Structure formats: C-alpha cells, structure tokens
Amino acid sequence: MMPPVHDPMNQDSHDPRDIPILTEEAEEADANLASLDVKAVHAALVTETLNLADSLLHRAAKDIEAALFERVFDQLRAQLPELVDRVLRERAAHAEHAAAGPKTDD
C-alpha cells in the first residue's frame, strides 16, 4: 500500500512536519535566480508593494469612515430628544406670546 500523497490544498490532511525548510527552497531557487532580471524584479516588487499599501489604506479609510459615521449617529440619537423638546418648548412659548397679542395700556 502506498502512503497517502500530501495535498497542500486539502487543509484536512495538513501535517505541520510538511512545512518546507527555507534553505531547501532557496537552494532550488538559486538556479532560477541567475536568469532573473534584477531591475524587473525590483520594479515588480515596488509595484506590488505600492498596490498592497494602496489597498490597505483604502480599507483603513473605509473602516475609519464607518466608525465615524456610527459615532455621529450615536451622538445624534442621544442628543435628538433634547433638541426636539427644546425646539417644541421655544415654539410653544412663541405661539403663546403671539396669541396674547400686543399689550396696550389704555
């Protein structure tokens, strides 16, 4: 019977002992590195890094916007009843004053 083949896409069969050792990966990559254009690799890394930073900043800005939006509405919810009560009292007082009409001393 053959031993089961490790499938890296199948998380159920993950064995922590299957983690590749970096020196093994580096030795295999040494042959490929000799043929790489260093300037092109550098440009690609810079581009990908800037794209990642841009994406992270946009996500952070959306998170901040959502937090501020929530805080504003929480404050509005807390302060609106008092504001409505104050405006209604002011308008009622103004209406009473207007209904009484001008005072004349004859």
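Look up: the structure comes first, before these words.
The structure displayed is predicted, hence computed values, not measured ones.

Visitor: Give me the lowdown on the overall build of the chain, citing residues and values where you can.
Guide: Along the backbone of the chain there are 2 helices and 0 strands. Looking at the chain as a whole, 0% of its 106 residues qualify as buried. Here the chain displays about 10,400 Å² of accessible surface, and carbon together with sulfur accounts for 63% of that area.

Visitor: Quick rundown of the packing of aromatic side chains? Include the residues and the values.
Guide: The final tally for this structure, using the stated rule, is 1 aromatic pair. Ring geometry for Phe69 against Phe73: centres 4.6 Å apart, planes inclined by 50°, an arrangement best described as tilted. Pair noted here: Phe69 and Phe73 are both in helix α2 (residues 38-100), with a separation of 4 residues, about one helical turn. The exposed category is assigned to Phe69, whose relative accessible area is 54%. By relative accessible area, Phe73 is classed as partly exposed at 36%.

Visitor: Give a detailed account of the pattern of salt bridges, specifying residues and quantitative values.
Guide: With the rule as written, the count across this model stands at 4 salt bridges. Its salt-bridge partner being Arg59, residue Asp63 comes within 2.6 Å of it at the nearest N-O pair. Pair noted here: Asp63 and Arg59 are both in helix α2, with a separation of 4 residues, about one helical turn. The class of Asp63 is partly exposed, set by a relative accessible area of 41%. In this structure, Arg89 engages Asp85 in a salt bridge whose closest nitrogen and oxygen atoms are separated by 2.2 Å.

Visitor: Break down a nonpolar patch on the surface for me, citing the residues and quoting the values.
Guide: A contiguous nonpolar surface patch, about 780 Å² in accessible area, is contributed by Phe69, Val72, Phe73, Leu76, Leu80, Leu83, Val84, Val87 and Leu88. Among the secondary structure elements, Val87 is positioned in helix α2.

Visitor: Help me get a handle on α2, residues and values and all.
Guide: With 63 residues, α2 should reach 93 Å at 1.5 Å per residue; the first-to-last C-alpha distance of 89 Å fits that figure. Taking the largest bend as the criterion, α2 deviates by roughly 40°, centred on Gln79, and proline Pro81 comes between one and four positions later. Note on α2: the residue one or two positions beyond its end, Gly101, has a positive phi of about 75°.

Analysis parameters
- Residues numbered from 1 in each chain as written.
- Predicted model: local features only at pLDDT ≥ 70, side-chain atom pairs only at ≥ 80, totals over all residues.
- Heavy atoms only, no water.
- Helix = DSSP H or I, 4+ residues; strand = E, 2+ residues; numbered from the N terminus.
- Buried < 20%, exposed > 50% of the residue type's maximum accessible area, 1.4 Å probe, protein only.
- Areas by Shrake-Rupley, 256 points an atom, 1.4 Å probe, with all protein chains shown as cover.
- Phe/Tyr/Trp six-rings, centres within 6.5 Å; stacked < 30°, edge-to-face > 60°.
- Salt bridge = Lys/Arg side-chain N within 4 Å of Asp/Glu carboxyl O.
- Patch = residues over 30% accessible without salt bridge, like charges linked within 9 Å, V, L, I, M, F, W, Y side chains within 5 Å.
- Expected span 1.5 Å × (residues − 1).
- Bend = angle between axes of the 7 residues up to and from the residue.

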